[in-house]
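Close look at the chain arrangement
Single-letter residue listing:
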Amino acid sequence: MKRFAVTLASQLACALPATVPLIEDALLAEPGLLSDCASLTRQLERFVYKPFQAVVEGDLLETALVHGPFIIVIDGLDECEDKRGVKEFIEHLLDFFEEHPSIPLRVLIASRVEQHIRERLETDIVRLGNLDSHSPRKDIEKFIQASFQTAAKRDRVIRAYVRAHGAWPTALDVDKLINHIGGSFVLASTIFKFIVQPATEEDPTTPMDRLPLALEINGLDGLYSQTLARSQHLPHFRKIISTIALLRRALPIVGISALLGIEAFEVIHVLLNLQAIIHVPGSDEEGQVTLCHTSLRDFLASKGRSGCLFVPPTFHLDLSYYCFSSIFERNSGTPVGYGEEYFDDHWRSFVKACNLLTEIEQFKARQPLLVNGVSYHAFLSSLLFYTLLPTGTRLLDDNSYLLTECTKELVLAAQHPDYYVRLWLEKELRYYTSRKYSRNEVQFTEHTYKALQRDLQRASAAIQANFPEVLECLPCSTGVEKNFVFSEVRFMPGINVYNALRWIVARAHFKWEELKIAPRPLLELSIVRSWSPNLAFSFDDDGSTATSESNSD
């Protein structure tokens, strides 16, 4: 529900332009309304309810009394994953109408029966309706007939066929189609698009050819499989479809091509065959590529339903890399904003859903490479280190793997003296971190110490040889400092990863020298996020939060 109030305000401004200055005044008075910290209740009150109340007077009130109240339509509320936000919205909405019962505004919510929604809507001021008791057959029949009539006006092939053979589709064809569709408007819309979609070189069939094929398709899954098969043989098909299915927000054609490091015409070539199930904008630069219905995403995410078309959650790893690399891209067409905003989000989705060790090794075996992109070694070094931090993602039984692999990848990245590695070492990246107290631990052995020490020596030599100016301002850690603190972990360049690893090795050595015990005992490395923005590494942590007695970078 993060953008819900802003979306409503945008629609309100289009419908009632008089609300625009009121919405602008609210934003000027409270700039923080657009931040993640602002409550949904406050946003709705300042962006929607108060501006509407202020303008719905005089002529507007008279119009509402004559023609009926204004209506806000919210479809698919059950599809919102933020259940707490949904509850907050409904509760505030009901409070608003109880306080203003005569306001000329109504809200129509279409939703599946979900407990967290229904239990809050079962009040005297809400009128509940059950669509299961309504037969949509007549509505679907009207939709199909009107849609084919419109298509005939636009399609010369259909018009030529009608001149030669008479009405198409026939009344019998329409009846068969409606019976086949059943009561699903989604299926009706998708099947119609499948029938009338433009012919291509790969599929030169006409709408008249596709109508009998449509009658043989078994529901949405069959339709999705048959439609996707039209482009399945084309280059980059799987990468493009997986990206569209898993993106956190839709991108234009050039955005998808730049993100994946391919040409825009290659994206278009795949999508033109799929317009029955995917919205393809008329411009490469403007408009977004979107799914016609969310059921396509559900289909692609279910291996039992989609089979060889299945989009695995492991593709979030590839998307995270594409996003990460796009941040450093010099091409102005690259969707830098999307990459910066979501590279860590896709990584967390990957970590939560997959076997991290297995998938990372398979990822490295594929040796993914983007032309003019940052090395995947730099990507893995940063994100493996990030996984150590208390971000809410699950960790491994042996977290020392994250430390050792992070350092190995750091070495491999630093050994390439190119522009992108230099950028990675210096550029501050915005990572998600928890805002509450949290901590992770790593069991630190002498074996882990030796592995890190060896690889850090190689990394130091590579950075000194290829990027000496980056090391000039770095302090040399002796291990005396009890804590290593990131003063603001959300902005973490690659050189900070290197610096933190150096401190870990130096501090572990100092601790063992201090203990004077042989063989060297197991140490526990704590990574603590305090209530402040600080995040501290320590071998001496007693469960308290990070203090200022540390070498903040």
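Residues numbered from 1 in each chain as written. Predicted model: local features only at pLDDT ≥ 70, side-chain atom pairs only at ≥ 80, totals over all residues. Heavy atoms only, no water.

**Describing the overall build of the protein**
Assigned secondary structure in the protein consists of 26 helices and eight strands. For the protein, contacts bridging at least 24 residues in sequence account for 74% of all contacts bridging at least 6. (Helix = DSSP H or I, 4+ residues; strand = E, 2+ residues; numbered from the N terminus. Contact = heavy atoms within 4.5 Å.)

**Focus: the pairing of strand 1 (residues 70-75)**
Note that strand 1 and strand 2 (residues 105-110) share six bridges and pair parallel. Each residue of the ladder has a partner; that of Ile71, found in strand 2, is Arg106. (Pairing = 2+ DSSP bridges.)

**Some words on the pattern of salt bridges**
One pass over the structure, following the stated rule, counts 29 salt bridges. The partner of Arg230 in a salt bridge is Asp203, with the nearest N and O atoms 2.6 Å apart. Here Arg230, found in the loop between helix 12 (219-228) and helix 13 (237-246), pairs with Asp203, found in the loop between helix 10 (185-196) and helix 11 (207-214); they are 27 residues apart in sequence, far enough to count as distant. Residue class for Arg230 comes out buried when judged on its relative accessible area of 8%. With a relative accessible area of 15%, Asp203 lands in the buried category. Because the salt bridges share partners, they merge into one network encompassing Glu30, Arg42, Glu45, Arg46 and Lys50. (Salt bridge = Lys/Arg side-chain N within 4 Å of Asp/Glu carboxyl O. Buried < 20%, exposed > 50% of the residue type's maximum accessible area, 1.4 Å probe, protein only.)

**Things to note about the sheet that holds strand 6 (residues 483-486)**
Read across the open sheet, the four strands follow the order 5-7-8-6; overall the sheet is antiparallel. Strands with a single pairing partner mark the edges of an open sheet, and in this sheet they are strand 5 (438-444) and strand 6. Taking the axes of each pair of neighbouring strands and ignoring which way they run, one obtains an average angle of 15° across the sheet. (Axes fitted to C-alpha atoms, helices over the stretch in contact; angles between N-to-C directions.)

**Concerning the packing of helix 14 (residues 253-260) against helix 15 (residues 264-271)**
Contact geometry for helix 14 and helix 15: axes closest at 8 Å, N-to-C directions at 115°. Read as a crossing pair, helix 14 and helix 15 show a hand that is right-handed. In this structure, helix 14 contributes Ile253, Val254, Ile256 and Ser257 to the contact, and helix 15 contributes Ala264, Val267 and Ile268. Residue classes in the contact of helix 14 with helix 15 are distributed as six nonpolar, one polar and no charged. (Left-handed = near helix turned anticlockwise from the far one by under 90°. Nonpolar A, V, L, I, M, F, W, Y, C, P; charged D, E, K, R; others polar.)

**What to know about the side chain of Arg210**
Assignment of secondary structure puts Arg210 in helix 11. Asp203 is the oppositely charged side chain nearest to the buried, salt-bridge-free Arg210, at an N-O distance of 4.0 Å. Among the polar contacts made by the side chain of Arg210, one reaches the main-chain carbonyl oxygen of Ile195 at a distance of 2.7 Å. Beyond its immediate chain neighbours, meaning those up to four positions away, Arg210 contacts Phe194, Ile195, Val196, Gln197, Pro198, Ala199, Asp203, Thr205 and Arg230. (Lys, Arg positive; Asp, Glu negative; His and termini not counted. Polar contact = N/O pair within 3.5 Å; in protein donor to acceptor, adjacent residues only side chain to side chain.)

**Describing helix 9 (residues 171-181)**
Listed as buried for helix 9 are Asp173, Val174, Leu177, Ile178 and Ile181. For helix 9, the angular spread of buried residues about the axis comes to 130°, placing them on one side. Set apart from the buried face of helix 9 by more than 90 degrees, the exposed residues are Ala171 and Leu172. Taken from the residues just after helix 9, Gly182 is the one with a positive phi, measuring 75°. (Arc of directions from axis to C-beta.)

**Observations concerning the packing of aromatic side chains**
Within this structure, the stated rule accounts for 27 aromatic pairs. Judged by centre distance (4.9 Å) and plane angle (75°), the ring pair of Phe4 and Phe89 falls under edge-to-face. Linking Phe4 in helix 1 (residues 4-15) with Phe89 in helix 5 (residues 83-99), this pair joins segments that are 85 residues apart in sequence. Ring geometry for Phe363 and Tyr376: centres 6.1 Å apart, planes at 90°, overall edge-to-face. Within this pair, whereas Phe363 is found in helix 20 (residues 356-366), its partner Tyr376 is found in helix 21 (residues 376-388), the two being separated by 13 residues in sequence. Among the aromatic side chains, those forming a connected cluster through ring pairs are Tyr321, Tyr322, Phe324, Phe328, Phe343, Trp347, Phe350, Phe363, Tyr376 and Phe379. (Phe/Tyr/Trp six-rings, centres within 6.5 Å; stacked < 30°, edge-to-face > 60°.)

**Regarding a nonpolar patch on the surface**
Judged by side-chain polarity, Val6, Leu27 and Leu34 come together as a nonpolar surface patch covering roughly 220 Å² of accessible area. Mapped onto the secondary structure, Val6 falls in helix 1. (Patch = residues over 30% accessible without salt bridge, like charges linked within 9 Å, V, L, I, M, F, W, Y side chains within 5 Å. Areas by Shrake-Rupley, 256 points an atom, 1.4 Å probe, with all protein chains shown as cover.)

**Brief notes about the confidence of the model for the protein**
Parts of the prediction with low pLDDT should not have their coordinates interpreted in detail. This prediction gives the protein a mean pLDDT of 86; 89% of its residues lie at or above 70. Mean pLDDT across the elements of the protein ranges from a minimum in helix 4 (residues 59-67), with 66, to a maximum in helix 13, with 96. When the criterion is pLDDT under 50, residues 542-553 qualifies, and its contacts beyond four places in sequence or with other chains add up to 28 contacts. (pLDDT = per-residue confidence, 0-100.)

**Notes on the pairing of strand 5**
Where burial is concerned, the two faces of strand 5 differ: the one with Ser438, Asn440, Val442 and Phe444 is buried and the one with Arg439, Glu441 and Gln443 is not. Looking at chain direction, strand 5 and strand 7 (residues 523-529) are connected through seven bridges and run antiparallel. In the sheet register, Gln443 faces strand 7, and the bridge partner there is Glu524.

**A short note on helix 20**
Considered for burial, the residues of helix 20 that qualify are Leu356, Glu359, Ile360, Phe363 and Lys364. For helix 20, the angular spread of buried residues about the axis comes to 140°, placing them on one side. In this structure Asn355 caps helix 20, since a side-chain oxygen of it lies 3.3 Å from the backbone nitrogen of Leu357.

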